[in-house]
Amino acid sequence: MDDFLLKPKRISGLPEMARRLLAVISLCLSILTPLNAAENYIVMQSTTSAKNSGLFDHILPIFKAETGIEVRVVAVGTGQAIRNAANGDGDVLLVHSREAEEQFIADGFGVKRYDVMYNDFVIVGPPDDPAKIAGSDDALWALRQIALGEHDFMSRGDDSGTHRAERRLWESLGISPSARHQRWYKETGSGMGSTLNIAVGIAAYTLTDRGTWLAFKNKQDHLIFVQGDPLLFNQYGIIAVNPERHPHVNSESAQRFIEWIRSDVGQRAIADHQIEGQSLFSPNAVAAHVQN
C-alpha cells in the first residue's frame, strides 16, 4: 500500500509521445492561467488621504465583486501621483488639486476629468489652543493668528493636494512660511497620517482633510478648531490616463472603473463609508455629469 502511495501513477493505454504532449499542455496551462488572471486589474494613482480614510478598503471590494477587476492603489501625495501617472505608471488618477488635474489633461496625459466626491479641510490643534482660534470659520484669520503668535504649525510639505491647499491659504495672506526660516513652521515631507501623528506629538496645529481626521486613531486631546470656510472645500477628481500617450495602459478597465464610481452604485458606496454615522466623503458625480 505504501509503495502505491509513493509511486506516481502512469497513464495507461497512451503512447509515450501522447503522455509527453499532455504533460506539456498541463504545464502551459499552469503558467498561463495566473498570467491571464493577473491582467484583470488596474493601477490607480491616488492620495494618502483617500487611502488613510479607509475609503478604498470599503469601495474597491464592491467594484471587484461586481466586475472582477482588481484596483491596485498607489497612495502618495497628489503631486507625486500626477507625476507617476504622467510617466505611465498607472491606468487611472484620483486626486484633489483641480488646477494640477486640468494641467495634466492639457499636457496630453489624461483623457477627461470628472468630479467624484468632496469633503473639506479643517484646522486641528492642541487642547490649550494657544492661538485662540477655536470656533472660527475663517481659515485665513486663524492662520494669521498662528503666524503672528509663532505657534507651532505642522505642514505636510510633500506637494500633496493638502499641502497645495495650505500653501494657497498662506499665499492669500501674503505670508510665505518656511521651515528653514521660521522655527514655528515645520514640515514632515510625509502623508497625512504621519503628519497628524507628529502634530499631536509636539502639540502643533495642522491642516487636514476631514476624512483622514475622522479615521485617525491617535487624536488624543487634539480638536477641530476651524471649519466651515468655503476656502476649505476639497474636491476630488478622476481621470483615465491617455492611451495615446501610454499605449500599455488598461484603458478599457480604467474607463469601466470611472463609469462605476460615478454611477448610482459607486456614489452610494462612497456615501456609505461612515465613521460614527458621519460620511467621510460626499459624492457629487451626478452634479459633475450635468455640468460637463
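The structure under discussion appears in the preceding block.
Residues numbered from 1 in each chain as written. Predicted model: local features only at pLDDT ≥ 70, side-chain atom pairs only at ≥ 80, totals over all residues. Heavy atoms only, no water.

Caption draft 1: Region of interest: the nonpolar core. With 29 residues, the main nonpolar core has Ile59, Val92, Met117, Ile238, Phe257, Ile261 and Ile270 as its most contacted residues. Where this core is concerned, the elements lending two or more residues are strand S1 (41-47), helix H4 (55-67), strand S3 (92-95), strand S4 (110-125), helix H10 (210-215), strand S9 (233-241), helix H11 (251-262) and helix H12 (264-272). Counting 22 residues, the second largest nonpolar core, distinct from the first, contains Trp184, Tyr185, Phe225 and Val226. (Core = buried A, V, L, I, M, F, W, Y, C linked by side-chain atoms within 4.5 Å. Buried < 20%, exposed > 50% of the residue type's maximum accessible area, 1.4 Å probe, protein only. Helix = DSSP H or I, 4+ residues; strand = E, 2+ residues; numbered from the N terminus.)

Caption draft 2: Representation of the packing of aromatic side chains in the model. In the structure shown here, the tally under the stated rule is 13 aromatic pairs. Every member of this aromatic cluster is reached through a ring pair, and the members are Phe153, Trp170, Trp184 and Tyr185. Over the face of the ring belonging to tryptophan 213 we find lysine 219, whose NZ or CZ atom lies 5.3 Å from the ring centre. Directly above the ring of phenylalanine 109 sits arginine 245, whose terminal nitrogen or CZ lies 4.4 Å from the centroid. (Phe/Tyr/Trp six-rings, centres within 6.5 Å; stacked < 30°, edge-to-face > 60°. Lys NZ or Arg CZ within 6 Å of the ring centre and 35° of its normal.)

Caption draft 3: Up close: the pairing of S1. Buried residues dominate S1, accounting for six of its seven residues. Where S1 lies against strand S2 (residues 70-76), seven bridges are found, and the strand directions are parallel. Across the sheet, the residue bridging to glutamine 45 is valine 74, located in S2. Pairing between S1 and S3: three bridges, direction parallel. Bridge assignment links methionine 44 to a residue of S3, and that residue is valine 92. (Pairing = 2+ DSSP bridges.)

Caption draft 4: Here's a closer look at helix H7 (residues 139-148). Inspection of H7 places Ala139, Leu140, Ala142, Leu143, Ile146 and Ala147 among the buried residues, and these make up the whole buried set. Each buried residue of H7 sits inside an arc of 160 degrees when the element is viewed along its axis, so together they form one side. Those residues of H7 hidden inside the fold are in contact with S4, strand S5 (153-155), helix H8 (161-173), strand S7 (205-209) and strand S8 (223-226). Measuring from the backbone nitrogen of leucine 140 back to the side-chain oxygen at the start of H7 gives 3.2 Å, which picks out aspartate 138 as the cap. One or two positions beyond H7, positive phi appears at glutamate 150, with a value near 50 degrees. (Arc of directions from axis to C-beta. Contact = heavy atoms within 4.5 Å. Polar contact = N/O pair within 3.5 Å; in protein donor to acceptor, adjacent residues only side chain to side chain.)

Caption draft 5: Spotlight on the side chain of glutamine 45. Take glutamine 45: it is sitting in strand S1. Assessed through its relative accessible area of 2%, glutamine 45 is described here as buried. Of note is the side chain of glutamine 45, whose polar atom sits 3.0 Å from the side chain of asparagine 84. When near neighbours in sequence (up to four residues on either side) are disregarded, glutamine 45 contacts Val74, Val76, Ala81, Asn84, Ala85, Asp89, Gly90, Val92, Leu93, Leu94 and Val95.

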